[in-house]
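Each chain is listed here by its residues.
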Amino acid sequence: MTTTAPGAAPEAAPAGAQAKDVPPGSSPWQLARRELRRRPAVRVSLCVVLLFVLMALTAPWLGALGGWSPEEFDKAAVDPYLAGQPLGSFGGISPEHWLGVEPVTGRDLFARVVHGAQVSLLIAFAATAIVVLTGTAAGIAAGYFGGRTDAVLSRLMDLTMSFPSLIFMIAMLSVAKDVNRIVLMTSVIGLFGWPGVARVVRGQTLSLKHREYVDAARVGGSGAWRILTRDILPGVSGPVIAYTTLLIPGMISTEAALSYLGVGVRPPTPSWGQMIAESVAFYETDPMYFVIPSVFLFLAVLAFTLLGDALRDILDPRGGRS
Amino acid sequence: MILYLLRRLLALAGVLLAIAAVTFLIFYVLPTDPAAAACGKTCSPERLADVRAYLGLDKPLWEQFAHFLTGIFTGRTLGTGQYAVQCDFPCLGYSYENSLPVWDLLMDRLPVSASLAFGAAVLWLILGLGAGVTAALRKDTATDKALMVGAVAAASLPVYFTSVMLIYGVIRIAGLLPYPSYHELTADPLGWAGNLLLPWTALALLYAAMYARQSRGSMIEAMAEPYIRTARAKGMPERTVVVKHGLRSGMTPILTIFGMDLGGLLAGAVITESIFGLPGIGRLFYGALVSSDQPVVLGVTLLAAFFIVVANLVVDLLYAVIDPRVRY
Amino acid sequence: MTTPAPLLEVRDLGVTFTTPRGSVRAVDSLGFTVEAGRTLGIVGESGSGKSVTSLAVMGLHRAGAEVSGSVRLAGQELTGLPEKELAKVRGRKMAMIFQDPLSSLHPYYTVGEQIAEHFRVHFRAGRAAARRRAVDMLGEVGIPEPARRAGEYPHQFSGGMRQRAMIAMALACEPDLLIADEPTTALDVTVQAQILELIARLQQERGLGVVMITHDLGVVARVAHEVLVMYGGRAAEQAPADALFADPAHPYTRGLLDSLPRLDSADDVPLPSIPGSPPSLLHPAPGCAFAPRCAVAAAAAGGGRRGRGRRRGPLHGRAARAASVRLGGPAGRLPLRRPGARCRRPCPGGVPMTAPATRPNPAAEREGPQAAPLLRVRDLTMTFPGKRSLTGRRSAPVRAVDGVSFDLEAGQTLGLVGESGCGKSTTGRMLVRLLEPTSGRDISRLSQSALRPLRRNIQMVFQDPHSSLNPRQTVARIISDPLLVQGWSAADARRRAAELMELTGLIPEHIDRYPHEFSGGQAQRIGIARSLATSPRLVIADEPVSALDVSVQAQIVNLMERLRAELGLAYVFIAHDLSVVKRVSDRVAVMYLGRIVEIGDKKSLYENPQHPYTRALLSAVPLPDPAAERRRERIVLLGDPPSPAAPPPGCTFHPRCPKAQEICRTERPLLRLAASREVACHFPGD
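Reading the values: rules and limits
Residues numbered from 1 in each chain as written. Chains lettered and ligands numbered in written order. Predicted model: local features only at pLDDT ≥ 70, side-chain atom pairs only at ≥ 80, totals over all residues. Heavy atoms only, no water. Helix = DSSP H or I, 4+ residues; strand = E, 2+ residues; numbered from the N terminus. Contact = heavy atoms within 4.5 Å. Areas by Shrake-Rupley, 256 points an atom, 1.4 Å probe, with all protein chains shown as cover. Buried < 20%, exposed > 50% of the residue type's maximum accessible area, 1.4 Å probe, protein only. Lys, Arg positive; Asp, Glu negative; His and termini not counted. Charge placed at Lys NZ, Arg CZ, Asp CG, Glu CD. UniProt positions renumbered as here; feature names shortened; annotations may be inferred. Buried area = accessible area lost by both parts, 1.4 Å probe. Salt bridge = Lys/Arg side-chain N within 4 Å of Asp/Glu carboxyl O. Polar contact = N/O pair within 3.5 Å; in protein donor to acceptor, adjacent residues only side chain to side chain. Domains from an automatic or database assignment. pLDDT = per-residue confidence, 0-100. Patch = residues over 30% accessible without salt bridge, like charges linked within 9 Å, V, L, I, M, F, W, Y side chains within 5 Å. Pairing = 2+ DSSP bridges. Axes fitted to C-alpha atoms, helices over the stretch in contact; angles between N-to-C directions. 1 Å grid on protein atoms, 1.4 Å probe; cavity = no way out; pocket = protein on both sides within 12 Å on 5 of 7 lines; lining within 4 Å. Points joined across faces, edges and corners; volume = space filled by probe spheres on them. Nonpolar A, V, L, I, M, F, W, Y, C, P; charged D, E, K, R; others polar.

1. With respect to the overall build of chain C
No. 1: Of regular secondary structure, chain C possesses 25 helices and 20 strands.
No. 2: Put simply, of all contacts in chain C between residues at least 6 apart along the chain, 70% involve residues at least 24 apart.
No. 3: Total accessible area computed for chain C in this model is approximately 26900 Å², and 52% of it derives from carbon and sulfur atoms.

Here it is in structure tokens:
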């Protein structure tokens, strides 16, 4: 029961200190959007992100635009006398093959990278969705109901976090043989990600729960469900959105790492990590083959990270820690 | 304090037990047959049954698990008759692939992984915290922005890409270093460091980038604390303010992540070790995956969990040393 | 030859912050002097620039702030001094203490270490010598067992002890000037009295010059020789304390003093208040910063725009002249200081200071004692389970509220006062069933669902106006929420919300705005409007004005009084500020460690307190009147209020009580009738 002092925050601008260009009646969301739009880094990374998403969504048509399907061999594009080296400079980049071809097989890299984007982003997004949904549900339940629910859920979070996740994922993926790889990868990656979200949400819920406006809702006669959906959930959504955006690059990296190690999606389905794994052997003879999927992976991770950073700055200035 | 330690150790045992159970379940319930793997490609049904009995796979699952657990503490004999193998304490299983107990394999490879992990940790702490603290103290300047853009970029590079580029640039093109092979620290300290330099760099770059981002944030937070203002009001030189008052509280949150990261790496950096061909636990693990050597996979998983849980405990105890408000 | 330079001389000080939204002129053309052995009080509300000023004097502004003008300490110019040179002066010749001693002390080092460190920086002393110095200093500021306490960490100190330690640290190097930035704001009133006493003693012993920065006019009246009133980053008025309080010249000062509820004034007179709220520094109004709220300016605006417009001078119009004359000394004052007087009459057009017309008689007095009370509370108790430590052991349970009983008639206000941790808020929260009482009777037996119809009759107003409004909901949603829960249609609820906005002095057109678009005072009006949505008969107000600026407090107090008269409401008014409670209450209950120690009619309780704690509490409240402050006999209690987790045996007040006898240590006194009210003391009265 501390008494906040008037005059305690001399530098805090008094109310009404919103920039003049903000129309009255702007919701916190509108203000956040306005703030985001002012940042050039946000605009650039958002463009890159949208480009990748678009690429993944339209992969079949976009890939067809180059005239090759991802699994189609083109023996004419490689030199059979030079151990299957692509013909032409820069890994066989030509009007025919926009990003060159794979050595030996002559498969079109553009088609493979575009289809790889689809697989990589699908897994990353699906895993993120699982993580965010379970994490938010568990976090809110633990934070709001407290007591025994909190004890059980918190233990479960600690336990899950004690698992050596990468090693465990590799192990699980390697023992499961005849299952849909994409579904399996999504669920395995999702399994180890939720405690992070849950902790952030739990902390946020705990602090919201003790806000006076939640008390006010209770005094007004609102039940638990009404308070959860109208007061708590909108309150945690800001940090969750920021955290989600920062989660995606991690998911993309994890998928790539698993596929790189050969326990992810199986050939001939392309994914970035798996393409890089195949190209490592050629890094000296055909560097473009190695560089192209790496650059795509790098750009995707970078753009999502930058976007997430900006979102976190604005939606969750104190870092979501309790 | 003692009571707290006991409780924590008990909890630690519980977590390890749970992890062992889950790992065990996955390997023995999921649709793969360790017996078939151990038996080889040309395997008659009778022989398969023999192998099954030999491995104890005909027994109920809980009994197998119980045997596995007691084996850890007392050692056990695997199989019967002329093929019987003695697996001494602490028995994590027996690798038929390598004809060695898993424990011996792990202990054989541990120095390599530990060398890699500790060396990289030193490097990334210097680089990452240096960059993070510098950026925090010069917040919003060009230095800060350059460092942070660099950090985001470095964090976005996959470790296998960096590793390959390092091998290509430093070894192939410049010819500065030999292709890494492991030298023992005690026998050849210079060779040890020289050969590990590239793997350290590759691994440290990624972590340094993450630590730079983290430490910048927590350092900015620490330097905004009112007690920093008090220290300045006392007329302390800025250097002392930063080092004595800012750093200690600013670096405390880093400890938690560091514990987790180091713990995780001790049981092997799978990708780095594979690319650089270092005979550590990570590569052992990767090899075991390829050859379906499940006792080894199980052993590595348990060891990794053990390191993480212990690292967490150590971090929590260190907190009490650093922060007098934490009392057990 | 010439007179020696004053200890501190500030001239034409300006501080500008560069923010992404534009530059903020936080302090503008400010000048003042402080002599050795004298105290300058700087008063102002939030955003007035008083703390910014103190940091500028200390040279503590970092990047992003631009300081201009001149600060001279004993003749040495400090602005523009390189950081290294400045550091030698800082802490050595001038020292500073801050509002929140807990966060201002480093949590990782012992108190002794932090004091010793300060000493070692400025004097090349050895560790042992520095440590001895630290212990000496702790002893000097009245910390018992200083040698042992020096080895403890700040979190092991109580609030008052921490501030003492801060003072010990500040004075470790024998500075000439002490800047105290709201040093007692976070402390309880009895502890505040101790700290102010301590600063005064040390000042006398050492001939310190003191700058006391505060929002509390009472504190200024108690300690200051000269006073500087700041508004919108500028000096509004500067004068010797006696003259300023007796005869404020600036309309703002006058308004501030008038709008202050005080212990020593009659409270059946309406409380004048300053309309509006403190200005935004980001978009300063042209001319005098106070002009938009100023009655003089409004009057002047009718003919010829005097006092506003054109240039933004440091002091303007009549008040400026009056103030500048004041600076020369009270003797030659011109009779120009009257402008504020105009505002005491209700002005036509509803421009300036608003005041409720009359104060009605409480309804209860008319109904007589026979009517059943609106609220009857018997033996209300709240026991919190002890905290579980990391080892899993629970500490002793905390009796936050221990057998509280009272009645409240319809249309009456019961004031609930006490220091932090006395259980007053817990009591309030139990009344609206935010907390389930451990034991007690009446409504507290109802389950949450059976409670819903009852909710309509008891509502609550909270302390922090912004944290009590959901930032993601419009005002319409916020106010109508309790109605929607009761099953109202959305359209009806919205209509009712607009009515309530009108009723509470808000503009109904703002119904679709979000809380962040309102000032603190307006936000509190929204909170009140929400509490009235269901037409309750009783409103629990938990520190409803303590987070507000002084000039806004009066508006809210007036609003609550008006609503009570118009709607026949009853209030339980919980506050730590005895002056505000005196203003609004019919009956007052004083709480200490979870129990009511004295309860009775307001007038007799304030005029003739029976319980020694009530007496001490009343005497600790500083009056905004230097002359009265000097005359007053003060009872300064020893120590801090004990923790409710380990209450002392017998009468819980006995360790701090000046009258404690043997029986107080063993036997708990019960509430019983003494001098027309109930007192829980073995030796009530004198």
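There's more to say after this.
2. Some details on the overall build of chain B
No. 1: Looking only at helices and strands, one finds 13 helices and 4 strands in chain B.
No. 2: Reported as C-alpha extents along the three principal axes, the dimensions of chain B are approximately 85 × 60 × 40 Å.
No. 3: Here chain B, with 328 residues, has 49% of them falling under the buried criterion.
No. 4: The long-range share in chain B, meaning contacts at least 24 apart out of those at least 6 apart in sequence, stands at 63%.
No. 5: As displayed, chain B offers around 14700 Å² of accessible surface, 66% of which is attributable to carbon and sulfur atoms.
No. 6: Across chain B, 23 positive and 21 negative side-chain charges occur, with their mean positions spaced 14 Å apart.

3. Some thoughts on the UniProt feature "transmembrane region" (unreviewed entry) in chain B
Residue and element names in this part refer to chain B.
No. 1: The positions that UniProt labels "transmembrane region" (unreviewed entry) are, in the present scheme, residues 9-30, 116-137, 149-171, 191-210, 254-276 and 296-322.
No. 2: Along residues 116-137 the backbone is 100% helical and 0% strand, and the end-to-end C-alpha distance reaches 31 Å.
No. 3: Its end C-alpha atoms 38 Å apart, residues 296-322 is made of 100% helix and 0% strand.

4. Brief notes about the interface of chain A and chain B
Size of an interface: often given as the accessible area lost when the parts come together.
No. 1: Facing 35 residues of chain A, the contacting portion of chain B comprises 40 residues.
No. 2: Both sides of the chain A and chain B interface together cover about 3300 Å² of buried area, and 76% of this is carbon and sulfur.
No. 3: Considering only the surface of chain A that becomes buried against chain B, Ile167, Val175 and Tyr283 of chain A emerge as the three largest contributors, covering 18% of it.
No. 4: Summed over the shared surface of chain A and chain B, the number is 1 salt bridge.
No. 5: Where chain A meets chain B, there are 2 residue pairs in polar contact (both at pLDDT 80 or more).

5. Observations concerning the domain arrangement of chain B
No. 1: Splitting chain B by domain gives domain 1 (33-91) and domain 2 (102-322).
No. 2: With centres defined by C-alpha atoms, the gap from domain 1 of chain B to domain 2 of chain B works out at 39 Å.

6. Thoughts on the pattern of salt bridges
No. 1: Counting across every chain of the model gives 54 salt bridges over all chains.
No. 2: Between Arg213 of chain B and Asp309 of chain A there is a salt bridge, with the nearest N and O atoms lying 2.6 Å from each other. Taken together, the positions of Arg213 of chain B in helix H8 (residues 189-223) and Asp309 of chain A in helix H11 (residues 287-315) put the pair across two chains.
No. 3: Between Glu543 of chain C and Lys424 of chain C there is a salt bridge, with the nearest N and O atoms lying 3.9 Å from each other. Here Lys424 of chain C lies in helix H15 (residues 424-431) and Glu543 of chain C lies in the loop between strand E15 (538-542) and helix H20 (550-567), a separation of 119 residues in the sequence. Each member of the pair, Glu543 of chain C as well as Lys424 of chain C, is classed as buried.
No. 4: Taken together, the shared-partner salt bridges connect Glu197, Arg222, Glu629, Arg632 and Arg634 of chain C into one network.

7. Notes on the confidence of the model for chain C
All names here are of chain C.
No. 1: For chain C, the mean per-residue pLDDT works out to 82, and 83% of the residues sit at or above 70.
No. 2: Segment residues 303-370 is flagged for pLDDT under 50; beyond a separation of four residues in sequence, or across chains, it makes 102 contacts in the model.
No. 3: Here the predicted complex carries an ipTM of 0.85, next to a pTM of 0.84.

8. So, the UniProt feature "domain: ABC transmembrane type-1" (unreviewed entry) in chain B
No. 1: Here the UniProt feature "domain: ABC transmembrane type-1" (unreviewed entry) sits at residues 110-319 of chain B.
No. 2: Secondary structure content for residues 110-319 of chain B is 82% helix and 0% strand, and the end C-alpha separation is 27 Å.

9. Brief notes about the domain arrangement of chain C
Residues and elements named next belong to chain C.
No. 1: Domain boundaries assigned for chain C yield domain 1 (8-246) and domain 2 (399-446 + 454-604).
No. 2: Using only C-alpha atoms to locate each centre, domain 1 and domain 2 end up separated by 36 Å.
No. 3: With 7 residues of domain 1 in contact, the opposing surface of domain 2 contributes 6 residues.
No. 4: A buried area of about 570 Å², summed over both sides, lies between domain 1 and domain 2, and 40% of it is on carbon and sulfur atoms.
No. 5: On the domain 1 side of the contact with domain 2, Glu45, Asp188 and Val189 bury the most area, a combined 68% of that side's loss.

10. Here's the deal with unusual backbone geometry
No. 1: Its identity is not glycine, yet Asp140 of chain B carries a phi of approximately 70°, on the positive side.
No. 2: Within the secondary structure, Asp140 of chain B sits in the loop between helix H5 (102-137) and helix H6 (142-156).
No. 3: We note that Glu174 of chain C has phi near 50°; this positive angle belongs to a residue other than glycine.
No. 4: Within the secondary structure, Glu174 of chain C sits in the loop between helix H7 (159-171) and strand E7 (177-181).
No. 5: Residue classification places Glu174 of chain C among the partly exposed positions, given a relative accessible area of 39%.

11. A few points about a negative patch on the surface
No. 1: Together, Asp88, Asp104, Asp108 and Glu184 of chain B give the surface a local cluster of negative charge.
No. 2: Structurally, Asp88 of chain B is set in the loop between strand E2 (85-87) and strand E3 (94-95).

12. Brief notes about helix H9 (residues 226-233) of chain B
No. 1: With 6 of 8 residues buried, H9 of chain B lies mostly within the body of the structure.
No. 2: Along H9 of chain B, the residues that are buried comprise Tyr227, Ile228, Thr230, Ala231, Arg232 and Ala233 of chain B.
No. 3: Looking at the buried side of H9 of chain B, the elements it contacts are H8 and helix H10 (238-266) of chain B together with helix H1 (50-58), strand E6 (94-97), helix H3 (101-104) and H7 of chain C.
No. 4: Of the residues trailing H9 of chain B, Gly235 of chain B is marked for its positive phi of about 85°.

13. Points about the pairing of strand E17 (residues 587-592) of chain C
If a strand is regular, its side chains alternate between the two faces of the sheet.
All names here are of chain C.
No. 1: With respect to burial, E17 is a largely interior element, 5 of its 6 residues being buried.
No. 2: Of the pairings in the sheet, the one linking E17 to strand E18 (residues 595-601) comprises 6 bridges and is antiparallel in character. Bridging from a neighbouring strand, Arg587 pairs with Asp601 of E18.
No. 3: Linkage of E17 to E18, two consecutive antiparallel strands, is achieved through a turn of 2 residues, within which Leu593 is found at a positive phi near 50°.

14. A short note on the sheet that holds strand E16 (residues 570-575) of chain C
All names here are of chain C.
No. 1: Judged by pairing direction, the sheet is mixed, and its 8 strands sit side by side in the order E14-E15-E16-E13-E17-E18-E20-E19 without closing on themselves. Looking at the sheet topology across the chains shown, the edges are occupied by strand E14 (458-461) and strand E19 (672-674). Adjacent strand axes in the sheet meet at a mean angle of 25° when their direction is disregarded.
No. 2: Of the strand pairs in this sheet, E14 and E15 are connected by 4 bridges, and their pairing is parallel. Note on E15: the bridge partner recorded for Met460 is Ile540.
No. 3: Running at roughly 160° to E16, H20 makes contact with strand E13 (413-417), E15 and E16 of the sheet.

15. Section: the UniProt feature "domain: ABC transporter" (unreviewed entry) in chain C
No. 1: Under the local residue numbering, the UniProt record ascribes the feature "domain: ABC transporter" (unreviewed entry) to residues 10-257 and 375-618 of chain C.
No. 2: Secondary structure content for residues 10-257 of chain C is 41% helix and 27% strand, while the C-alpha to C-alpha distance between its ends is 26 Å.

16. What to know about empty space enclosed by the protein
No. 1: Summed over the entire model, instances satisfying the criterion amount to 11 cavities of 30 Å³ or more.
No. 2: Space inside the largest cavity adds up to approximately 130 Å³.
No. 3: Lining the largest cavity are 17 residues, with Tyr213, Ala217 and Asp231 of chain A together with Gln473 and Asp481 of chain C sitting closest to its centre.
No. 4: Partitioning the lining of the largest cavity into residue classes produces 7 nonpolar, 4 polar and 6 charged.

17. Notes on a nonpolar patch on the surface
No. 1: Among the surface-exposed residues, Met1, Ile2 and Leu6 of chain B lie close enough to one another that they form a single nonpolar patch of about 340 Å² accessible area.
No. 2: Among the structural elements, Met1 of chain B can be located in the segment before helix H1 (2-29).

18. Focus on the side chain of Ser531 of chain C
Residues and elements named next belong to chain C.
No. 1: Tracing the sequence through the fold places Ser531 in helix H19 (residues 520-532).
No. 2: Taking relative accessible area as the criterion, Ser531 reaches 2% and is therefore assigned buried.
No. 3: Beyond its immediate stretch of four places on either side in the chain, Ser531 contacts Gln459, Met460, Val461, Pro536 and Val539.

19. Remarks on the pairing of strand E3 (residues 39-43) of chain C
Residue and element names in this part refer to chain C.
No. 1: For E3, the tally of buried residues reaches 5 of 5 residues, placing the bulk of the element in the interior.
No. 2: Neither face of E3 is open: one carries Thr39, Gly41 and Val43, the other Leu40 and Ile42, and all of them are buried.
No. 3: Sheet topology note: the E3/strand E8 (residues 209-214) ladder contains 5 bridges and is parallel. Paired with Thr39 across the strands is Val210, a residue of E8.
No. 4: For E3 and strand E9 (residues 226-231), the ladder comprises 4 bridges, and the chain directions are parallel. Across the sheet, Leu40 pairs through a bridge with Glu226, a residue of E9.

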